Amino acid sequence: MSAVTEPSGGPARLRERLLGPAVGARAAAWGWWGPLLVMVLGGIVRFVNLGRPTSLIFDETYYVKQGWSLIRFGTEMDIKEGLEKPDELFTAGNPDVFGTTPDMVVHPPIGKWMIGAGQWIFGVENPFSWRVAAAVVGTLSILMVGRAAWRMFHNPLLATAAATLLAADGHHFVHSRTGLLDIFVMFWALAAFCLLLVDRDDGRARLARRVSALDPTPGSMSWGPGLGIRWWRVAAGVSLGLCIGTKWSGLFFLAAFGLMTVWWDMGARRAAGAQRWFAGSVVRDDIPAFLQVVPVAFATYLASWTGWFLTDHGYKRQWATDNPATGLASLVPDPLRSLWAYHEEVMSFHVGLQNEHAWSSNPWSWIVQGRPTLFYSRWPELGQNGCEASHCVTYIASLGNLFVWWGATAGLLVVTFMWLIGRDWRAGAALSGLIAGWLPWFLYQTRTIYSFYAVAFVPWLVLIVTYCLSLALGSADDPLVRRRWGAVIVILYVTAAVALFIWYYPVHTAQTIPRDQWYLRMWFDFWT
C-alpha cells in the first residue's frame with residue numbers, strides 16, 4: 001500500500017511532525033561539545049579551593065556529620081551527651097563525636113549518603129571531602145542542563161548558553177561548594193527531567209515506526225499502537241525516588257513531571273493521527289507510565305533506607321516491637337510500621353516548624369533574590385586572615401546571578417503565554433521545574449523557610465531564560481541577518497552573566513576583601 005495513505009502524510013513527514021526536523025551532524029556534535037567545554041570550566045572553578053573555609057559552615061553542621069555517621073553506623077547517631085563544641089572537634093580532624101543514642105533526623109538519607117561517600121573516599125579529616133559530592137553533582141548538572149536545552153531547542157548555541165548560565169549562577173555555584181542537601185534534590189530532579197526528555201524522543205520515534213508499520217488509512221486509526229516498556233521512563237522513576245530520598249520536596253517533582261509526560265504522550269498520539277487519542281493515551285501510555293514511574297520511585301525511596309533497616313539502633317527502629325499491631329495492621333512487617341511511625345513524627349516536625357531566623361524568607365521573594373541566605377561571614381581587621389585594609393570581609397552568600405533570576409522573572413509571563421496560548425511544549429517543560437520546586441512552598445508561608453531551597457529549581461530558571469533567548473535568536477526559517485543579530489544578543493547576554501559572576505566571585509568563595517569592596521557588591525540592604 002502506498003505510504004501516502006499514512007494519516008500524517010507518510011513515514012518521513014510523520015517522524016518530522018513528532019520529532020521536528022532532522023538536525024545536521026555538525027550541530028548535533030556541538031550540542032555535546034559546547035556544554036561539555038562549559039562543564040569542564042565550570043567544574044574547575046567549583047573545585048578550586050573547595051576545602052576553604054576549613055570549618056563547617058551553615059547547615060553543614062548537620063549534614064556533613066550525619067553523612068559520616070551513616071558511613072560509620074548505617075544510620076544517623078546523636079552527638080555524645082555532654083560533648084561541648086562538636087563542630088570544632090570535627091573540624092580539627094577528630095570525627096569521633098557520636099554517642100550511642102540515635103538521632104531524630106528530618107530528611108531521608110540519600111543526600112547524606114552521597115556526602116558520606118566523599119568523606120569515605122577522601123578522608124573525613126579533609127574539608128574537601130565534605131563538599132566533593134556536591135561539587136561533582138553541581139558540575140555534572142551544567143552538562144545536563146545544556147543537554148536538556150539541546151533536546152528542547154536543537155540548537156548548539158542555546159545549549160551552550162544554558163550550560164553557561166547555570167555554570168555562572170552564584171546560587172548554584174555556592175551550593176556546589178557546600179555540603180548541604182538541596183543540590184542533590186536539584187541533581188536528581190534534573191536527571192529525571194533529562195531522562196523524560198530522552199523518553200519523549202524515544203517514545204515518539206517508536207510511535208512513528210509502529211504507526212508506519214500499521215500503514216492505516218486516513219481516519220481509521222483509533223487509539224494507535226502500544227509502545228511497550230519505556231526504560232528511560234523507568235530510569236526517571238529511579239531518579240525521582242532518589243530525589244524524594246534526599247528531601248520529601250522531591251514528591252512535587254514526581255507529580256509535576258508525571259503530568260508533563262502524560263501531556264506529551266497525548267500530544268504525540270493526536271499528532272500521529274489517532275482518532276481517540278485521549279482514550280488511547282490513557283490506556284496505552286498513562287497507565288503504563290504510572291506503573292513504570294511511581295512504584296519504581298517508591299521502591300527506590302524505600303531502598304534508600306537500607307542502612308536504617310539493617311541496623312537495630314536507628315531512630316524508632318524498634319517502635320513496632322514496643323507497639324504491637326492489631327487487626328489488619330498486623331499484616332504489615334514491623335520494620336515498615338516502625339518506619340511509618342518515624343515518618344509521622346518527621347511530618348509533624350516539618351508542618352509545625354515556626355521560629356524566628358534572621359535569614360528566613362517568603363517564597364515570593366526567592367526568584368527576585370529578595371533575601372539570599374548567608375552561609376558564612378567573618379569580619380577581620382588589618383593583618384588578620386590576609387586583610388590588607390583597615391576593615392575586611394570574608395563572606396559566602398548564596399546570591400544568584402541576576403541575569404538568571406531577574407531574567408527568568410521577566411520571562412515568566414512570556415513563557416507562560418507561549419505554553420498556554422502558543423501551546424509550545426518547550427515552554428511547559430521550562431516551567432515544570434518551577435511549578436514543582438517553587439509553587440508548593442506557598443502552601444507553607446507560616447513555616448520557617450529559606451531562599452537557599454530555591455537551588456532545586458535553578459535549572460528551570462535557566463531554561464526559562466534560554467527559551468526567551470531562543471525567541472531573540474529566531475527560527476531556522478528567519479533571514480540570515482536576523483539570525484546573526486539574534487546570535488549576537490544571545491552571546492552578549494551570556495557574556496554579561498559571566499561578567500557578573502566574576503564580579504561576585506569573592507563573596508561566593510570566602511575571599512578576604514576590603515569592606516568597601518564588599519559594599520559595592522551588596523546592592524540592597526536586604527542582601528545583608
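Residues numbered from 1 in each chain as written. Predicted model: local features only at pLDDT ≥ 70, side-chain atom pairs only at ≥ 80, totals over all residues. Heavy atoms only, no water.

Let us now look at the overall build of the protein chain. When helices and strands are tallied, the protein chain shows 20 helices and five strands. Oriented by its inertia axes, the alpha-carbon framework of the protein chain measures out at about 85 × 70 × 40 Å. By the burial criterion, 55% of the 528 residues in the protein chain qualify as buried. Put simply, of all contacts in the protein chain between residues at least 6 apart along the chain, 77% involve residues at least 24 apart. Total accessible area computed for the protein chain in this model is approximately 22,900 Å², and 65% of it derives from carbon and sulfur atoms. In the protein chain, which carries 40 positive and 35 negative side-chain charges, the distance between the mean positions of the two groups comes to 11 Å. (Helix = DSSP H or I, 4+ residues; strand = E, 2+ residues; numbered from the N terminus. Buried < 20%, exposed > 50% of the residue type's maximum accessible area, 1.4 Å probe, protein only. Contact = heavy atoms within 4.5 Å. Areas by Shrake-Rupley, 256 points an atom, 1.4 Å probe, with all protein chains shown as cover. Lys, Arg positive; Asp, Glu negative; His and termini not counted. Charge placed at Lys NZ, Arg CZ, Asp CG, Glu CD.)

Turning to the sheet that holds strand β3 (residues 374-378), a few remarks are in order. Within the open sheet, the three strands sit side by side as β3-β4-β5. Their pairing is antiparallel. A single partner strand is all that each edge strand has here, and the edge strands are β3 and β5 (512-514). With direction set aside, neighbouring strand axes in the sheet form an average angle of 35°. Where strand β4 (residues 392-397) lies against β5, three bridges are found, and the strand directions are antiparallel. (Pairing = 2+ DSSP bridges. Axes fitted to C-alpha atoms, helices over the stretch in contact; angles between N-to-C directions.)

Under the counting rule described, the total for this entry stands at 49 aromatic pairs. With a centroid separation of 5.2 Å and 80° between ring planes, the pair formed by F122 and F128 is classed as edge-to-face. An aromatic cluster of three or more residues is present, and its members are F58, W366, F375, W441, Y444, Y450, F452 and Y453. The ring of W425 carries the charged tip of R200 above its face, separated from the ring centre by 3.7 Å. Above the plane of the ring of W503 lies R521, whose end atom (NZ or CZ) is 3.7 Å from the centre. (Phe/Tyr/Trp six-rings, centres within 6.5 Å; stacked < 30°, edge-to-face > 60°. Lys NZ or Arg CZ within 6 Å of the ring centre and 35° of its normal.)

Before going further, it helps to examine the state of the cysteines. Inspection of the entire model under this criterion finds one disulfide. At a sulfur-sulfur separation of 2.0 Å, the disulfide partner of C387 is C392. The chirality of the disulfide connecting C387 with C392 is right-handed, given an S-S dihedral of about 80°. Judged on exposure class, the residue C387 and its partner C392 are both buried. C243 provides the cysteine sulfur closest to C194, a residue in no disulfide bond, and the two sulfurs are 13 Å apart. By relative accessible area, C243 is classed as buried at 0%. (Disulfide = S-S within 2.5 Å.)

Let us look at helix α18 (residues 458-473). With 16 residues, α18 should cover 22 Å at 1.5 Å per step; its first-to-last C-alpha distance of 22 Å lies within 8% of that length. Among the 16 residues that make up α18, 13 are buried, leaving the element largely enclosed by the rest of the structure. Where α18 terminates, the next one or two residues include G474, which has phi positive at roughly 90°. (Expected span 1.5 Å × (residues − 1).)

What follows covers the nonpolar core. Among the nonpolar cores identified, the biggest contains 111 residues, and F193, F253, F257, F457 and W460 are the most heavily contacted of them. Ranked by residue count, the leading element in this core is helix α9 (residues 182-214), at 15 residues. Within the second largest apolar cluster, 14 residues are counted, among which are W359, A397, Y504 and W527. (Core = buried A, V, L, I, M, F, W, Y, C linked by side-chain atoms within 4.5 Å.)

The next point concerns the packing of helix α17 (residues 425-437) against α18. The contact between α17 and α18 brings their axes to 8 Å, and the two run at 155°. With respect to α18, the element α17 is oriented roughly antiparallel. Two packed elements cross with a definite hand, and for α17 against α18 that hand is left-handed. Of α18, the residues touching α17 (which contributes R426, A427, A429, A430, L431, S432, G433 and L434) are W460, L461, L463, I464 and Y467. Considered class by class, the residues forming the contact of α17 with α18 number 10 nonpolar, two polar and one charged. (Parallel < 35°, antiparallel > 145°, perpendicular 65-115°, else oblique. Left-handed = near helix turned anticlockwise from the far one by under 90°. Nonpolar A, V, L, I, M, F, W, Y, C, P; charged D, E, K, R; others polar.)

Relative to the elements of secondary structure, N362 occurs in the loop between α15 (334-352) and β3. With 319 residues separating them in the primary sequence, N362 and G43 have C-alpha atoms 31 Å apart.

With an omega of 0°, the peptide bond between R52 and P53 qualifies as cis. On the secondary structure map, P53 appears in the loop between α2 (25-47) and α3 (60-73). One non-glycine residue, K316, adopts positive backbone phi at about 60°. Mapped onto the elements of the fold, K316 is located in the loop between α13 (306-310) and α14 (319-322).

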